[in-house]
Amino acid sequence: MTLLFKTNNSHQLLSSTAMVMCSSFCPKLPSHFGARPFSSFPSRQPFPLCFKAFSAQASSAPLKGDGSSIRVGFLGMGIMGSPMAQNLIKAGCDVTVWNRTKSKCDPLISLGAQYKPSPEEVAAACDVTFAMLADPESALEVACGKHGAASGLGPGKGYVDVSTVDGDTSKLINGHVKATEASFLEAPVSGSKKPAEDGQLIFLTAGDKSLYETVAPYLDIMGKSRFYLGDVGNGAAMKLVVNMIMGSMMATFSEGLLLGEKVGLDPNVLVEVVSQGAISAPMYSLKGPSMIKSAYPTAFPLKHQQKDLRLALALAESVSQPTPIAAAANELYKVAKSHGLSDSDFSAVIEALKAKLQS
Ligand SMILES: NC(=O)C1=CN([C@@H]2O[C@H](COP(=O)(O)OP(=O)(O)OC[C@H]3O[C@@H](n4cnc5c(N)ncnc54)[C@H](OP(=O)(O)O)[C@@H]3O)[C@@H](O)[C@H]2O)C=CC1
Ligand SMILES: O=CCCC(=O)O
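Since this is a predicted model, take the numbers as computed values, not measurements.

Caption draft 1: How the structure looks around the overall build of the protein chain. Of the regular secondary structure elements, the protein chain holds 14 helices and 12 strands. Partitioning the contacts of the protein chain with sequence separation of at least 6, the portion at a separation of at least 24 is 64%.

Below you can see the structure in the form of structure tokens.
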């Protein structure tokens, strides 16, 4: 059997012998991937980056028990949704897309996606529908509003919300989805634009376990690992805690860069020193050099980082957990937003410190 292999967005053919060899050291590879009905894929534990395998015969897309294609919907073609949907299409999945601004669907349609003019019609046409929306308001509107996805859902279908929202919003969407007798999974992602392009996201899922198992092959196309965290709300909480840490890290990194510069240190050397020590983080090495040049090409919009801090602070408030560092960081992102930096990368938060110093 010939198999299609994917490493960092490139698809390569591999013989069955090589497949067997690889699967012996890589638990991500089920032994007869292309030959199994979609519903029978096993639940697998999160596993670090390794090869991904897709059946060439089925263009790598999982099939239903009756051998027909699973129809996958994708709502929201922003920075994240677009490359995620693109990876599904490239893996041979039968994908139908929708976005509020229709023109953002055009590149996906060129790649072979179908288009429907509303979330309702996408959900009605598909077996499982993913949604990657900006914030709680848009996630709720697209799922539960007029002509929202819930209107097109029904028994046997699934809705997977991969947006970053708070637990209450996720539970509200869960309720609307369940009222249609469809299944629901929240699955926010860790990882930004490049990991989305490379299929290297980390999924933080919670909700219907059977839907988790059903969509696992798709999560594995778009990501490098997946966590199942139990009840709806736990995925959202995990994501908000992680992004609260990240937002605070970026804020304090910004302070360090500016303080270093003020006392005459070379910021490039500072970034190098940080990268070699215990506080090394990919984020610093990735963003530091462009921050030094006051360049903030958007991967993770600053407005979304501030939204996540706001939601994380509300989560902390709900359990009376003090989070003074995150609260201070949040103020900095709000200052950055007031300086017109909402759509810049979140690393532009450093500008808020410059603006503060100047005023
Ligand atoms: N960028 C990143 O690095 C990461 C982002 N996230 C999270 O993923 C989600 C999406 O992020 P990202 O792709 O960067 O964001 P973008 O701002 O690039 O995209 C947002 C998407 O939401 C849609 N949208 C916004 N408001 C509405 C509305 N009222 N009704 C319908 N659709 C709406 C936009 O449609 P339109 O095109 O019409 O504006 C667009 O498709 C966010 O929750 C973010 O926090 C998670 C991990 C990483
Ligand atoms: O929500 C955005 C997360 C960005 C990242 O994990 O790099």
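Caption draft 2: Region of interest: the site of ligand 1. Lining the immediate environment of ligand 1, one finds 26 residues, of which G78, R100, S138, S192 and F300 sit closest. No other element matches helix α5 (residues 136-144), which puts three residues into the shell around ligand 1. The residue makeup of the shell around ligand 1, split by class, is 11 nonpolar, 10 polar and five charged. When residues are assigned to domains, the shell around ligand 1 turns out to be shared by domain 1 (53-230) and domain 2 (238-352), each giving three or more.

Caption draft 3: Examining the pairing of strand β8 (residues 158-161) more closely. Residues G158 and V160 line one face of β8 and the alternating positions Y159 and D161 line the opposite face, and both faces are buried. Judged from the four bridges that link them, strand β7 (residues 128-131) and β8 form a sheet pairing that is parallel. Bridging across to β8, F130 finds its partner in V160. With respect to chirality, the unit in which β7 leads through α5 into the neighbouring parallel β8 is right-handed. Where β8 and strand β9 (residues 183-186) come together, four bridges link them in parallel fashion. Bridge assignment links G158 to a residue of β9, and that residue is S183. What joins β8 to β9 is helix α6 (residues 167-179), and the crossover it makes is right-handed.

Caption draft 4: Summary view of the UniProt feature "domain: 6-phosphogluconate dehydrogenase NADP-binding" (unreviewed entry) in the protein chain. This chain's UniProt record puts "domain: 6-phosphogluconate dehydrogenase NADP-binding" (unreviewed entry) on residues 71-230. Summarising residues 71-230: 40% helix, 24% strand, and an end-to-end C-alpha distance of 26 Å.

Caption draft 5: View of the domain arrangement of the protein chain. The assigned domain composition of the protein chain is domain 1 (53-230) and domain 2 (238-352). With centres defined by C-alpha atoms, the gap from domain 1 to domain 2 works out at 29 Å.

Caption draft 6: The nonpolar core, seen in detail. In terms of nonpolar packing, the biggest core is built from 90 residues, with A85, L88, A131, A149 and V349 touching the most fellow members. Residues within four places of V349 in sequence aside, it is in contact with M250, A251, S254, L302, L332, Y333 and A336.

Caption draft 7: Region of the structure containing helix α9 (residues 234-262). For α9, with 29 residues, the first-to-last C-alpha span of 42 Å sits near the 42 Å given by 1.5 Å per residue. The first or second residue beyond α9 is G264, which carries a positive phi of 90°.

Caption draft 8: Layout of unusual backbone geometry. At E181, a residue that is not glycine, the phi angle is positive and equals roughly 70°. The topology assignment puts E181 in the loop between α6 and β9. Judged by the 11 C-beta atoms lying within 10 Å of it, E181 is exposed. In this model, S294 sits at a positive phi of 55°, which is unusual for a non-glycine residue. Mapped onto the secondary structure, S294 falls in the loop between α11 (282-292) and α12 (302-318).

Caption draft 9: Inspection of the UniProt feature "domain: 3-hydroxyisobutyrate dehydrogenase-like NAD-binding" (unreviewed entry) in the protein chain at higher detail. Sites flagged by UniProt as "domain: 3-hydroxyisobutyrate dehydrogenase-like NAD-binding" (unreviewed entry) map to residues 233-352. Between the end C-alpha atoms of residues 233-352 there is a gap of 32 Å, over a span that is 72% helix and 0% strand.

Caption draft 10: Molecular detail of the packing of α9 against α11. The interhelical angle for the contact between α9 and α11, taken along N-to-C directions, is 45°, at an axis separation of 11 Å. For the element pair α9 / α11, the angle class is oblique. In this structure, the crossing between α9 and α11 has a hand that is right-handed. Where α9 approaches α11, its residues M249, M250, F253 and L257 are matched on the opposing element by M283, Y284, M291 and I292.

The rules behind the values
Residues numbered from 1 in each chain as written. Chains lettered and ligands numbered in written order. Predicted model: local features only at pLDDT ≥ 70, side-chain atom pairs only at ≥ 80, totals over all residues. Helix = DSSP H or I, 4+ residues; strand = E, 2+ residues; numbered from the N terminus. Contact = placed C-beta atoms within 7 Å. Near = placed C-beta within 6 Å. Nonpolar A, V, L, I, M, F, W, Y, C, P; charged D, E, K, R; others polar. Domains from an automatic or database assignment. Buried ≥ 20, exposed ≤ 12 C-beta atoms within 10 Å, placed from the backbone. Pairing = 2+ DSSP bridges. Right-handed = clockwise from strand over helix to strand, strands pointing away. UniProt positions renumbered as here; feature names shortened; annotations may be inferred. Core = buried A, V, L, I, M, F, W, Y, C linked by C-beta atoms within 7 Å. Expected span 1.5 Å × (residues − 1). Axes fitted to C-alpha atoms, helices over the stretch in contact; angles between N-to-C directions. Parallel < 35°, antiparallel > 145°, perpendicular 65-115°, else oblique. Left-handed = near helix turned anticlockwise from the far one by under 90°.

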